[in-house]
Amino acid sequence: MKNYGRDPENEAQWRALDAIGMPWQAAEPDDWLLAIDDTDNLTSRGTGFLARKLAVQLAEQGIAIVKGITRHQLLVDPRIPYTSHNSSACLVLTSAPNPQAVFDYTCAYLLRESAEGSDAGTVLIQRSAMPEEIRTFGRDAKVSVLTQEDAREIAARHQIPMAELTGTGGGIIGALAATGLNASGHDGRFLWVKQLRSMAGQSYSVDELEQSTGVRMQNITNETATHFAKTDQVDLGEWPRAVLLNQRPTLLVEKNDATTDFSGWRTASKNFVKQF
């Protein structure tokens, strides 16, 4: 397997997640969506790093098992306080026998781990209980300036566990938005999906990728008509990232025209994937 990255902490984190996480099979009604936001400052680790670390700890404590973590880009606007990109993270939990324990552990974790000056917030909701109002809130958060009071009112109306934890607690806006966007099934990039990061720099068959990670392939130029044979080869490159499309982690690929002995598909460019 390829090295996960140059950062030893990141590498250890990926390995731990791959050891305990589940491959993505489908978006299930019983999934729990646990979102966090605004946990960092300009010099600290980002929210994505804390989300992956939280997933490892929830599994180690026997509280929940993660099958994916997504990043959702929200509106970048000078009226919105954010650290660098205004994105939030959502953990998809496939097993959470005691949701209150998940929520309590997450609150304690964020109080302990969030950076000085952060405005951390968290939200927990089961996919089957997701009201359309929250999906709309998520879509609105990508184009409009929303307020904490907006988030509080929605959470109160639907009795959704929500916590404002550090600073102003403004992270509840991004956290609530992330749950709605994840539930939509058509927004965001995966911060983690099982094994994919460890497979970077190598080529695998479509079948191997689907079995190991749960991802599906989509051609960036003709997604509706392309048929992928199980034996088709995919060159993952150095930055393989899945996006959330049609409720599945999806690897965007294009035809590989390289003149080497490899022929088949290759992952889309980093700039293309970052559009998601």
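Above: the structure in question.
Reference entry: report on the structure contained in this document. All figures in this text were calculated on a predicted structure; none of them were measured in a lab.

### A few points about the overall build of the protein chain
Alright, step 1. For the protein chain, the count of helices and strands is eight helices and twelve strands.
Alright, step 2. Scaling as 2.2 N^0.38, a compact globule of 276 residues should have a C-alpha radius of gyration of about 19 Å, and the protein chain matches this with 18 Å.
Alright, step 3. Oriented by its inertia axes, the alpha-carbon framework of the protein chain measures out at about 55 × 35 × 35 Å.
Alright, step 4. Across the 276 residues that make up the protein chain, the buried fraction comes to 54%.
Alright, step 5. For the protein chain, the computed accessible surface area is about 12200 Å², with 48% contributed by carbon and sulfur atoms.
Alright, step 6. Between the averaged position of the 27 positive side-chain charges in the protein chain and that of its 34 negative side-chain charges there is a distance of 3 Å.

### Section: the nonpolar core
Alright, step 1. Residues L209, M217 and V234 are the most contacted members of the largest nonpolar core, which totals 43 residues.
Alright, step 2. Contributing elements (two or more residues each) for this core: β1 (32-37), β3 (87-95), β4 (121-126), α4 (132-141), α5 (148-158), α6 (171-184), α7 (206-213) and β11 (248-256).
Alright, step 3. The next biggest cluster of nonpolar side chains, apart from the first, holds 32 residues, and it includes F49, A64, V102 and W192.

### Quick word on the packing of aromatic side chains
Alright, step 1. In the structure shown here, the tally under the stated rule is two aromatic pairs.
Alright, step 2. Judged by centre distance (5.5 Å) and plane angle (85°), the ring pair of W24 and F190 falls under edge-to-face. With W24 in the loop between α1 (8-20) and β1 and F190 in strand β6 (residues 189-192), the pair connects residues that are 166 residues apart, well separated along the chain. Taken as a pair, W24 and F190 share a single burial class, namely buried.
Alright, step 3. Here the guanidinium or amino end of R45 rests over the ring plane of F49, the centre of that ring lying 4.3 Å away.

### Digging into the environment of A175
Alright, step 1. Here A175 is to be found in helix α6.
Alright, step 2. The spacing of A175 and I36 is 139 residues in sequence and 4.9 Å in space, taken between C-alpha atoms.
Alright, step 3. Sequence-distant contacts of A175, defined by excluding residues within four places in its chain, comprise A35, I36, D37, S88, G121, T122 and V123.

The rules behind these values
Residues numbered from 1 in each chain as written. Predicted model: local features only at pLDDT ≥ 70, side-chain atom pairs only at ≥ 80, totals over all residues. Heavy atoms only, no water. Helix = DSSP H or I, 4+ residues; strand = E, 2+ residues; numbered from the N terminus. Rg over C-alpha atoms; globule rule 2.2 N^0.38 Å. Buried < 20%, exposed > 50% of the residue type's maximum accessible area, 1.4 Å probe, protein only. Areas by Shrake-Rupley, 256 points an atom, 1.4 Å probe, with all protein chains shown as cover. Lys, Arg positive; Asp, Glu negative; His and termini not counted. Charge placed at Lys NZ, Arg CZ, Asp CG, Glu CD. Core = buried A, V, L, I, M, F, W, Y, C linked by side-chain atoms within 4.5 Å. Phe/Tyr/Trp six-rings, centres within 6.5 Å; stacked < 30°, edge-to-face > 60°. Lys NZ or Arg CZ within 6 Å of the ring centre and 35° of its normal. Contact = heavy atoms within 4.5 Å.

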